[in-house]
Amino acid sequence: MSVDILSLYRDREQERYALHARYLNEQMVRVLQTLGYDVAFTRGQGQYLYDRAGDKYLDLLSGWGVFALGRNHPEVKQALHQVLDAEFPNLVQMDVSALAGVLAERLLQRAPYMEKVFFSNSGTEAVEAAIKFSRAATGRAVIAYCGHAFHGLSYGALSLNGDTMFRKGFEGFLTDCRQIPFNDLAALEDALKSRDVAAFFVEPIQGKGVNMPHDEYLQGVQALCRKYGTLFVADEIQTGMGRTGRFFAVEHWGVEPDILLISKALSGGHIPVGAVLTRKWIFDKLFNRMDRAVVHGSTFAKNDMAMAAGLAALSALESEKIIENAVAQGARLQKALTDMKERYELIHDVRGKGLMIGLEFAAPRSLKLKMAWAALEAASVGLFCQMITIPLFKEHKILCQVAGHESYVIKLLPTLVINESDCDWIARAFDATIADAHRVPGAVWSLGTTLAGHALKARKKA
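Residues numbered from 1 in each chain as written. Predicted model: local features only at pLDDT ≥ 70, side-chain atom pairs only at ≥ 80, totals over all residues. Heavy atoms only, no water.

**Student:** Looking at this structure, I do not really get the nonpolar core. What am I missing?
**Tutor:** L107, F119, F200, L277, F361, F384 and F430 are the most contacted members of the largest nonpolar core, which totals 124 residues. The biggest single contributor to this core is helix α13 (residues 304-319), with 11 residues. What F200 contacts, discounting residues up to four positions off in sequence, is A144, Y145, C146, I180, L188, Y217, V221, C225, T230, L231, F232 and V233. (Core = buried A, V, L, I, M, F, W, Y, C linked by side-chain atoms within 4.5 Å. Buried < 20%, exposed > 50% of the residue type's maximum accessible area, 1.4 Å probe, protein only. Helix = DSSP H or I, 4+ residues; strand = E, 2+ residues; numbered from the N terminus. Contact = heavy atoms within 4.5 Å.)

Below you can see the structure in the form of structure tokens.
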């Protein structure tokens with residue numbers, strides 16, 4: 001008897017939080033319930049989510065950037081149905097996939113200075129592969145990376161993570177990793193001049209905080225890496241596939257890395273997939289003889305479902321002019337938020353490119369706000385942003401979150417298919433919520449008192 005997934009979902013959907021609390025991550029369930037995010041989403045279409053009650057939400061998380069094309073994009077769905085219906089001889093292993101070859105070809109057309117592609121199942125797997133490629137190609141051991149970086153949570157990628165929150169309790173990392181400050185070329189040169197660094201990993205725009213590079217930074221990175229024989233690895237796992245208004249974010253600064261990493265949006269959100277784009281000489285250092293043809297790989301990489309989804313996603317980006325839309329709507333949103341900065345003292349900065357936008361808050365100047373801010377900060381650093389995201393969600397049906405642990409930045413990472421009406425919805429919601437945050441006492445600060453209480457209880461338990 002076959003499994004009836006729709007009936008199973010319908011029969012057990014009401015138990016979702018109980019099931020996760022019992023069998024999966026109970027703490028995540030507690031977080032959702034504490035913040036009031038436990039509305040039970042039951043459907044997603046494009047840039048919108050629908051909860052159990054039928055209410056519509058605008059999604060500014062897009063699955064941490066996975067759904068750049070929006071949820072359930074018809075072209076991607078059609079491609080996946082075609083693969084299933086065709087009964088392809090998938091993952092034979094002692095054969096190669098035609099679809100993987102075509103997807104590699106089309107990705108390389110987007111970065112013509114690259115010549116080879118290695119497929120993985122995720123962004124963190126792509127990072128792991130790039131670490132191995134870099135060491136094999138250069139014969140060096142050291143990997144350099146930036147403070148505040150995020151490259152993934154498997155052990156190699158975690159060893160390049162610049163946030164102590166993710167590292168604490170997992171000590172015993174990959175050896176020979178060297179952290180340097182982001183945007184600091186002098187520090188980079190100090191790290192590289194010993195000529196023992198295999199590669200420098202950097203996000204063109206840092207995801208945790210939406211930290212922007214200085215205008216000359218990435219060009220300086222490229223020059224220093226060339227000077228000292230270090231590979232320049234651009235982690236475009238979040239910024240790639242049109243997120244910043246260019247297919248690759250590095251295009252904004254006219255640089256050509258030695259290795260490019262992409263994932264997240266590559267499959268349109270349906271199938272896990274990642275890719276390492278690299279120069280042929282690097283690839284050939286790893287796969288240099290027939291007996292080393294399988295020296296690095298991944299069982300499910302290059303599977304036909306992922307490859308077909310990737311081809312469909314690339315097609316949709318081009319045919320629907322989705323990257324151009326990211327430029328237009330990103331400019332509209334940034335202008336609306338920048339205009340608010342002139343009116344609200346709590347807003348410190350608005351930054352980003354395309355539809356990767358950071359809204360940063362900072363301590364206010366006026367006495368009442370300053371006192372309320374200080375009390376909140378004493379309970380938990382960075383708690384203020386949750387005072388904004390929760391009303392956005394509950395009162396305005398906007399789903400968004402902070403840009404990192406103990407961060408003062410709310411990151412907007414919507415689908416790239418949002419329209420002008422959506423941008424107006426976002427602007428109205430942020431304007432109303434931030435205006436409320438400037439009223440002390442008020443509903444927003446009452447929420448802050450509740451959140452501070454939860455934070456203090458959590459600190460005592462720790």
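**Student:** Honestly, the sheet that holds strand β4 (residues 116-120) in this entry has me stumped. Any pointers?
**Tutor:** Either a parallel or an antiparallel arrangement is found when strands of a sheet pair, and the pairing is made through backbone hydrogen bonds. The 7 strands lie next to each other as β4-β10-β9-β8-β7-β5-β6, forming an open sheet whose pairing is mixed. Every other strand in the sheet has two partners, leaving β4 and β6 (177-180) as the edge strands with one partner each. Between one strand and the next, the sheet's axes are offset by a mean angle of 20°, whatever the strand orientation. With 4 bridges joining them, strand β9 (residues 259-262) and strand β10 (residues 274-278) adopt antiparallel strand pairing. The residue bridging I262 from the neighbouring strand is A275, located in β10. Docked against the sheet, helix α6 (residues 98-109) engages β4, β9 and β10, running at close to 120° with respect to β4. Against the sheet, helix α11 (residues 217-228) engages β5 (142-146), β7 (197-202) and β8 (231-235), with an angle of about 145° to β8. (Pairing = 2+ DSSP bridges. Axes fitted to C-alpha atoms, helices over the stretch in contact; angles between N-to-C directions.)

**Student:** I would appreciate a short explanation of the sheet that holds strand β13 (residues 398-399) in the present structure.
**Tutor:** Pairing is mixed in the open sheet, where 4 strands are placed in the order β1-β2-β3-β13. Taken across any chain shown, the strands that pair with only one partner, and hence form the sheet edges, are β1 (41-45) and β13. As paired strands, strand β2 (residues 48-51) and strand β3 (residues 56-59) are joined by 3 bridges and run antiparallel to one another. Considered in β3, the bridge of L49 is made with Y57.

**Student:** Teacher, can you tell me more about the packing of helix α16 (residues 384-396) against helix α17 (residues 420-437) here?
**Tutor:** Their axes nearest at 10 Å, the elements α16 and α17 cross at an angle of 130°. If you check the angle between α16 and α17, you find them oblique. The two elements α16 and α17 cross, and the hand of that crossing is right-handed. When α16 is examined against α17, the residues F384, I388, P391, L392 and H396 are found in contact with a partner set consisting of W425, A429, F430, A432, T433, I434 and A437. Across the contact of α16 with α17, the residue classes break down as 10 nonpolar, 2 polar and no charged. (Parallel < 35°, antiparallel > 145°, perpendicular 65-115°, else oblique. Left-handed = near helix turned anticlockwise from the far one by under 90°. Nonpolar A, V, L, I, M, F, W, Y, C, P; charged D, E, K, R; others polar.)

**Student:** Help me out: how do you make sense of the environment of G36 in this one?
**Tutor:** Assignment of secondary structure puts G36 in the loop between α3 (26-35) and β1. In this structure, the C-alpha to C-alpha distance between G36 and A309, residues 273 residues apart in sequence, is 34 Å. Among residues more than four places away in sequence, those in contact with G36 are F393 and K394.

**Student:** Just checking my understanding: could you explain the side chain of D163 for this structure?
**Tutor:** Looking at the element boundaries, D163 is found in the loop between α8 (155-158) and α9 (164-167). Although D163 is buried, it makes no salt bridge; K208 carries the closest opposite charge, 6.2 Å away. A polar atom in the side chain of D163 sits 2.9 Å from the backbone nitrogen of M165. Beyond its immediate sequence surroundings of up to four residues, D163 is in contact with A149 and H405. (Lys, Arg positive; Asp, Glu negative; His and termini not counted. Salt bridge = Lys/Arg side-chain N within 4 Å of Asp/Glu carboxyl O. Polar contact = N/O pair within 3.5 Å; in protein donor to acceptor, adjacent residues only side chain to side chain.)

**Student:** Mind showing me how you'd approach the packing of aromatic side chains here?
**Tutor:** Where two aromatic rings form a pair, the distance of their centres and the angle of their planes describe that pair. Tallying each qualifying case throughout the model produces 17 aromatic pairs. Look at Y155 and F173: their rings are 6.2 Å apart centre to centre, the planes differ by 45°, and that puts the pair in the tilted class. Taken as a pair, Y155 in helix α8 and F173 in the loop between α9 and β6 lie far apart in primary sequence, 18 residues in all. Judged by its relative accessible area of 19%, F173 is buried. Joined through ring pairs, the aromatic side chains of F361, W373, F384, Y408 and W445 make up one cluster. Over the ring of Y48 we find K56, and its NZ or CZ is 4.4 Å from the ring centre. (Phe/Tyr/Trp six-rings, centres within 6.5 Å; stacked < 30°, edge-to-face > 60°. Lys NZ or Arg CZ within 6 Å of the ring centre and 35° of its normal.)

**Student:** For this particular structure, what's the right way to read helix α10 (residues 185-192)?
**Tutor:** Since there are 3.6 residues in each turn of an α-helix, residues three or four apart along the chain are aligned in direction. For α10, every residue scored as buried is listed here: A187, L188, A191 and L192. One side of α10 holds all its buried residues, which, seen down the axis, span an arc of 130°. Against β6, β7 and α11 lie the buried residues of α10. Sitting at the head of α10, D184 places a side-chain oxygen 3.2 Å from the backbone nitrogen of A186. (Arc of directions from axis to C-beta.)

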